[in-house]
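Here are the chains, one letter per residue:
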Amino acid sequence: MANDQFTAPDYFNVDDLLTDEHKLVRDACRAWVKKEVSPIIEECAQECAFPKHLIKGLGDLGAFGPTIPTKYGGGGLDYISYGLMMQELERGDSGIRSTASVQGSLVMFPINEFGTEEQKMKHLPKLASGEQIGCFGLTEPNHGSDPSNMLSTIVDKGDHFLLNGAKMWITNANIADIAVVWAKDEKGDIRGLIVEKGMDGFTAPEMHGKWSLRASATGELVFDNVKVPKENIFPDVKGLKGPLSCLNSARYGISWGVIGAAMDCYDSALRYSQERIQFGKPIASFQLVQKKLAEMITEITKAQLLSWRLGVLKNEGKVNANQISMAKRNNVHMACNIAREARQIHGAMGITGEYSIMRHMMNLESVLTYEGTHDIHLLITGMDVTGINAFA
Ligand code: TGC
Ligand code: FAD
């Protein structure tokens, strides 16, 4: 939104739970979004164009791999700083947060966690600065929620692996220099490898026709007998826990990110309701509008506390994947509801690009689905509390 008047709500003084460093990181990111993202993002979304020129700024801001060690170019920050950055980026647009989530949690995280020293030195500094962009290929045309049934394969050919298969719905695919790809080996084990742009047989066509995340780049990854050098494989990680542990990091960031989108919708709705006069009064004076606003700020506050506590547990190394699933599911659902309620408060203006509401609302439909759908996360919680697997 060109005229960005955002003021962040903080009903429970969550700021008091943050360190000076957290606040510095958050404020720098907030100022960058106001200056660089807000003035252009609506037009990008309307035109379905990813603002590629923002990549360098994201790198300079430290939004790529903020928790990666500084010796590899990362920020060496804690997980609450990471969460706050995702919150501020998604306040601007979920697509901008997506670019940073994928780069940090789904590309830099596995290279840092599972990669060789050579892989780390080769890729992490360039990914941190934005000189290189990465993407993460897990989902396939016929396997989304059930990645364990993936069809992509690698075959050991002595000095290289032969990679075949296709990935779909891949954020950053068509702008990426490298792709972290998950495929099954001859034994049926899921393995991760780094595929580089320009390798023969590797193409990454852009996907078109989205009504959601229109300012984000989404594409396919197609592998037709791609020769991937042996040194590009993650040597020691096998099985679904490899990609799923990357998802833990990204889902954690999303739990924070969507609070930003919700805050933007709430803040805009509050301001609009105080300015818009109907029946001779600001619409904020009607009980039904107040109910919407009161419920919005209550839900935002609950989500803030949930993510902050999750961040503390993550910093202490005590978090588990089930807790992350609960926070991702709750907070995305909360943000979707708030976007819809805020849209109503804006009346007809709410469907226009004058306000960020409709863009957030449409973006959040993707966020509800990617990184594990709303129902998949419910089943994860269900399995955790009952001990019974209801997936299959
Ligand atoms: P299951 O048998 O339960 O587990 C297989 C192995 O994985 C381990 N595991 C985990 N490890 C780490 N973290 C987690 N969260 C884990 N969940 C499971 C598990 O312990 C087991 O290990 P082992 O050693 O025994 O083999 O697997 P399943 O096949 O029954 O599937 C379980 C299910 C449904 C929970 C899982 O597959 C799932 O989460 N599905 C959703 C798929 C998903 O989230 N895809 C996301 C693609 S990436 C994306 O969307 C990026 S969008 C980014 C953006 O633009 O911002
Ligand atoms: P399906 O798995 O086909 O699910 C369809 C419906 O069935 C859902 O409602 C689901 O909850 C339900 N369902 C499925 N199984 C069960 C079950 N056992 N019980 C009950 N209900 C069930 N993937 C990547 O790998 N990398 C990316 O960078 C990436 N970026 C994305 C960007 C965008 C914009 C989008 C929209 C998606 C992206 N994805 C990415 C893919 C995303 O992770 C998948 O869309 C998601 O995991 C769901 O898979 P699916 O779309 O195939 O839906």
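Residues numbered from 1 in each chain as written. Chains lettered and ligands numbered in written order. Predicted model: local features only at pLDDT ≥ 70, side-chain atom pairs only at ≥ 80, totals over all residues. Heavy atoms only, no water.

Moving on, we come to the packing of helix 8 (residues 321-345) against helix 10 (residues 374-386). Between helix 8 and helix 10, the shortest axis-to-axis distance is 9 Å and the interhelical angle comes to 140°. Overall, the two elements helix 8 and helix 10 adopt an arrangement that is oblique. Helix 10 is crossed by helix 8, and the crossing has left-handed handedness. In contact with Asn322, Ser325, Met326, Lys328, Arg329 and His333 of helix 8, helix 10 contributes His374, His377, Leu378, Ile380, Thr381 and Asp384. (Axes fitted to C-alpha atoms, helices over the stretch in contact; angles between N-to-C directions. Helix = DSSP H or I, 4+ residues; strand = E, 2+ residues; numbered from the N terminus. Parallel < 35°, antiparallel > 145°, perpendicular 65-115°, else oblique. Left-handed = near helix turned anticlockwise from the far one by under 90°. Contact = heavy atoms within 4.5 Å.)

To continue, consider a nonpolar patch on the surface. On the surface, Tyr11, Phe12, Leu17 and Leu305 cluster together into a nonpolar patch covering about 410 Å² of accessible area. Here tyrosine 11 shows up in the segment before helix 1 (20-47). (Patch = residues over 30% accessible without salt bridge, like charges linked within 9 Å, V, L, I, M, F, W, Y side chains within 5 Å. Areas by Shrake-Rupley, 256 points an atom, 1.4 Å probe, with all protein chains shown as cover. Salt bridge = Lys/Arg side-chain N within 4 Å of Asp/Glu carboxyl O.)

What follows concerns the packing of helix 8 against helix 9 (residues 357-369). Running from N to C, helix 8 and helix 9 cross one another at 155°; their axes reach a closest spacing of 9 Å. Taken together, the axes of helix 8 and helix 9 lie roughly antiparallel to each other. Remark: the crossing between helix 8 and helix 9 carries left-handed chirality. Mapping the contact onto sequence places Lys328, Val332, His333, Ala335, Cys336, Ala339, Arg340, Ala342 and Arg343 in helix 8 and Ile357, Met358, Met361, Leu364, Glu365, Val367 and Leu368 in helix 9. Looking at the contact of helix 8 with helix 9, its residues break down into 11 nonpolar, one polar and four charged. (Nonpolar A, V, L, I, M, F, W, Y, C, P; charged D, E, K, R; others polar.)

Turning to the side chain of glutamine 119, a few remarks are in order. For glutamine 119, the position within the fold is in helix 5 (residues 117-129). On the basis of relative accessibility, which here comes to 5%, the residue glutamine 119 falls in the buried class. Apart from residues no more than four positions distant in its own chain, glutamine 119 is found in contact with Ile111, Leu124, Ile194, Glu231, Asn232, Ile233 and Phe234. (Buried < 20%, exposed > 50% of the residue type's maximum accessible area, 1.4 Å probe, protein only.)

Attention now moves to the environment of threonine 298. With respect to the helices and strands, the residue threonine 298 is situated in helix 7 (residues 287-315). For threonine 298 and asparagine 320, which are 22 residues apart along the polypeptide, the C-alpha to C-alpha distance reads 26 Å. From its side chain, threonine 298 meets the backbone oxygen of alanine 294 in a polar contact 2.6 Å long. (Polar contact = N/O pair within 3.5 Å; in protein donor to acceptor, adjacent residues only side chain to side chain.)

Next up on the list: the site of ligand 1. What surrounds ligand 1 is a group of 26 residues, the closest being Thr171, Asn248, Arg251, Glu371 and Gly372. One of the side-chain nitrogen or oxygen atoms of serine 148 is found 3.0 Å away from an oxygen atom of ligand 1. Taking arginine 251, its side chain carries an N or O atom lying 2.7 Å from an oxygen atom of ligand 1. Coverage of ligand 1 by the protein chains reaches 71% of its 1100 Å² of free accessible surface. Those elements that place two or more of their residues in the shell around ligand 1 are helix 4 (94-114) and helix 6 (241-275). Here the shell around ligand 1 gets six residues from one element, more than from any other, and that element is helix 6. For the shell around ligand 1, the residue count by class is 12 nonpolar, 10 polar and four charged. (Near = heavy atom within 4 Å.)

The geometry of an aromatic ring pair comes down to the distance between the two centres and the angle between the two planes. Summed over all chains, the structure comprises 10 aromatic pairs. Considering the side-chain rings of tyrosine 82 and tyrosine 252, the 6.3 Å spacing of their centres and the 25° angle between planes classify their relative orientation as stacked. One end of the pair, tyrosine 82, is in helix 3 (residues 79-92); the other, tyrosine 252, is in helix 6, and 170 residues separate them in sequence. You'll find tyrosine 82 and tyrosine 252 in the same group, each marked buried. Centroid distance tryptophan 182 to phenylalanine 234: 6.1 Å. Interplanar angle 50°. Geometry classified as tilted. Of this pair, tryptophan 182 sits in strand 4 (residues 178-184) while phenylalanine 234 is found in the loop between strand 7 (218-229) and helix 6, placing the two residues 52 residues apart along the sequence. A relative accessible area of 0% places tryptophan 182 in the buried class. Assessed through its relative accessible area of 0%, phenylalanine 234 is described here as buried. The structure contains a cluster of three or more aromatic residues connected by ring pairs, namely Phe114, Phe136, Trp182 and Phe234. When the ring centre of phenylalanine 161 is taken as origin, the NZ or CZ atom of lysine 230, which lies over that ring, is 5.3 Å away. (Phe/Tyr/Trp six-rings, centres within 6.5 Å; stacked < 30°, edge-to-face > 60°. Lys NZ or Arg CZ within 6 Å of the ring centre and 35° of its normal.)

As a further point, take the nonpolar core. In this structure, Leu89, Leu163, Trp182 and Leu221 are the most contacted members of the largest nonpolar core, which totals 79 residues. No other element matches helix 4, which puts nine residues into this core. Listed in part, the 34 residues of the second largest apolar core include Phe6, Leu293, Ala339 and Tyr355. (Core = buried A, V, L, I, M, F, W, Y, C linked by side-chain atoms within 4.5 Å.)

With domains assigned, the chain is organised as domain 1 (14-129), domain 2 (134-232) and domain 3 (241-386). One C-alpha centre belongs to domain 1, the other to domain 2; they are set 23 Å apart. The junction of domain 1 with domain 2 conceals about 1700 Å² of combined surface from both sides, 66% of it contributed by carbon and sulfur atoms. Viewed at the interface, domain 2 and domain 1 are joined by one salt bridge. Of the charged contacts in the structure, one is a salt bridge between glutamate 196 and lysine 122, with a shortest N-O distance of 3.1 Å. The tally of links from domain 1 across to domain 2 stands at six residue pairs in polar contact (both at pLDDT 80 or more). Elements with a contribution of two residues or more to the side of domain 1 that touches domain 2: helix 1, helix 4 and helix 5. Per element, the largest residue contribution to the side of domain 1 that touches domain 2 is 11 residues, and it comes from helix 4. Of the residues in the side of domain 1 that touches domain 2, the class split is 15 nonpolar, eight polar and three charged. (Domains from an automatic or database assignment. Buried area = accessible area lost by both parts, 1.4 Å probe.)

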